[in-house]
Amino acid sequence: MESFQRKLWSENHKKLSNCILNPDLHESAVELFLHLHALLFSSQLTHSQLITLEDELFNDITEEALRKYPVKTPGTKNSIVWHLWHTTRIEDMTMNTLVHNDDQILFSGDWYNKLKVDFMHSGNGMSEEEVGELSSRINIDALLAYRLEVGRKTREIISSMIPGQLKEALDPARLQKLEDQGAVKQEEGWLLDYWGKKTKAGLVLMPASRHNFVHLNKSIRIKQKYQKRKEQ
């Protein structure tokens, strides 16, 4: 994606923010979300001919670059695989449990075992040792497959919603379910409080869209800096 395409994505996200709570514009909001969401995942998700942010990230990248930790990039020192895992975990939690009142894909699809890491939380508040362990151990093929499954389920959930549902507040019992599952580290309970203040639309606008956009752009900057150093 070129810089103008990123700018257009952000402009369209603002449009989504302006219409998502209006039941009369529900179908337009869902359609716009699905368009923006597709650009954050591999083009395999929708079999699109468009080059997505994830496509750009994985174009001509090495496993070494994906796993490298720590990195020296403004705003992060975490590896690319950490960013992909973190955003996918949060989308899984918020869309499947908080919005849809269902099990996380992590559990229903046995991805916890397939990913080959011992962390089931969001990734917030991890120590350097923990990030290093995840970066070196995670099964990258499984991570990409997990991302696709989470992305597909998100699209099913949002497509099935009816006008007015996006304005709904979250059920506190669903937040408690995430807490009981260890979805966030104990010292990172602020994240559950943050989610709890959101409507379902608020979760669509951040974890399921903007949050992915931010972390993919960070990952692309990590890749570019890594490649530049290799060329020197």
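Residues numbered from 1 in each chain as written. Predicted model: local features only at pLDDT ≥ 70, side-chain atom pairs only at ≥ 80, totals over all residues. Heavy atoms only, no water.

**Q** Would you mind going over the overall build of the protein with me for this structure?
**A** Regarding its fold elements, the protein presents 12 helices and zero strands. In sequence order, the secondary structure elements of the protein are arranged as α-α-α-α-α-α-α-α-α-α-α-α. With the C-alpha coordinates of the protein rotated into their principal frame, the extents come out at 55 × 40 × 30 Å. A total of 232 residues make up the protein; the buried ones form 53% of that total. Partitioning the intrachain contacts of the protein with sequence separation of at least 6 by distance along the chain shows that 75% fall at a separation of at least 24. For the protein, the exposed area adds up to about 11,200 Å²; of that, 49% sits on carbon and sulfur atoms. Distance between charge centroids for the protein: 6 Å, based on 31 positive and 32 negative side chains. (Helix = DSSP H or I, 4+ residues; strand = E, 2+ residues; numbered from the N terminus. Buried < 20%, exposed > 50% of the residue type's maximum accessible area, 1.4 Å probe, protein only. Contact = heavy atoms within 4.5 Å. Areas by Shrake-Rupley, 256 points an atom, 1.4 Å probe, with all protein chains shown as cover. Lys, Arg positive; Asp, Glu negative; His and termini not counted. Charge placed at Lys NZ, Arg CZ, Asp CG, Glu CD.)

**Q** Any chance you could explain the packing of helix α5 (residues 80–99) against helix α10 (residues 172–180) here in plain terms?
**A** Any two packed helices are characterised by the angle at which their axes cross and by the distance between the axes. Interhelical geometry of α5 versus α10 gives an angle of 135 degrees and a closest axis separation of 9 Å. Taken together, the axes of α5 and α10 lie oblique to each other. In terms of crossing hand, the pair formed by α5 and α10 is right-handed. In contact with M93, T97, L98 and V99 of α5, α10 contributes R174, L175, K177 and L178. Along the lines of polarity and charge, the residues of the contact of α5 with α10 split into five nonpolar, one polar and two charged. (Axes fitted to C-alpha atoms, helices over the stretch in contact; angles between N-to-C directions. Parallel < 35°, antiparallel > 145°, perpendicular 65-115°, else oblique. Left-handed = near helix turned anticlockwise from the far one by under 90°. Nonpolar A, V, L, I, M, F, W, Y, C, P; charged D, E, K, R; others polar.)

**Q** Sorry if this is basic, but what is going on with the nonpolar core here?
**A** It is characteristic of soluble globular proteins that their nonpolar side chains tend to be buried jointly. Counting residues in hydrophobic clusters, the biggest one holds 69 residues, and the most contacted among them are W85, L115 and W195. If sequence neighbours within four positions are ignored, W85 has contacts with L115, V117, F119, H121, S122, G123, M126, L134, I138 and L143. (Core = buried A, V, L, I, M, F, W, Y, C linked by side-chain atoms within 4.5 Å.)

**Q** How should I be thinking about the environment of L106 in this particular structure?
**A** The residue L106 is located in helix α6 (residues 105–108) in this model. Distance in space between the C-alpha atoms of L106 and A65 is 25 Å, their sequence separation being 41 residues. Ignoring anything within four residues of it in the chain, the contact list for L106 reads R89, D92, W111, Y112, L115, M120 and Y146.

**Q** Please clarify how the environment of A29 should be interpreted in this entry.
**A** Tracing the backbone through its elements, the reader meets A29 in helix α2 (residues 26–38). A29 gets classed as buried once you look at its relative accessible area, which sits at 2%.

**Q** What should I look at first to understand the side chain of Q104 in this one?
**A** Counting through the fold element by element, Q104 comes out in the loop between α5 and α6. A distance of 2.7 Å separates the side chain of Q104 from the side chain of R89, its partner in a polar contact. If we skip the residues at most four places from it in the chain, Q104 touches R89, D92, M93, N96, T97, L178, Q181 and A183. (Polar contact = N/O pair within 3.5 Å; in protein donor to acceptor, adjacent residues only side chain to side chain.)

**Q** Please explain the packing of aromatic side chains as it appears in this structure.
**A** The geometry of an aromatic ring pair is captured by two quantities: the separation of the ring centres and the angle between the planes. Counted by the stated rule, this structure contains two aromatic pairs. Each ring, one from W9 and one from F213, has its centre 4.1 Å from the other, and the planes form 0 degrees; the classification is stacked. On the criterion of sequence distance, the pair formed by W9 in helix α1 (residues 3–19) and F213 in helix α12 (residues 200–231) is long-range, its members being 204 residues apart. On the basis of relative accessibility, which here comes to 1%, the residue W9 falls in the buried class. Measuring from centroid to centroid gives 6.0 Å for W111 and Y146, while their planes differ by 40 degrees, and the two rings are tilted. One end of the pair, W111, is in helix α7 (residues 111–114); the other, Y146, is in helix α9 (residues 140–160), with 35 residues separating them in the sequence. Its end group placed over the ring of W111, K114 keeps NZ or CZ at 4.2 Å from the ring centre. Over the aromatic face of F41 sits the side chain of R147, whose NZ or CZ is 4.5 Å from the ring centroid. (Phe/Tyr/Trp six-rings, centres within 6.5 Å; stacked < 30°, edge-to-face > 60°. Lys NZ or Arg CZ within 6 Å of the ring centre and 35° of its normal.)

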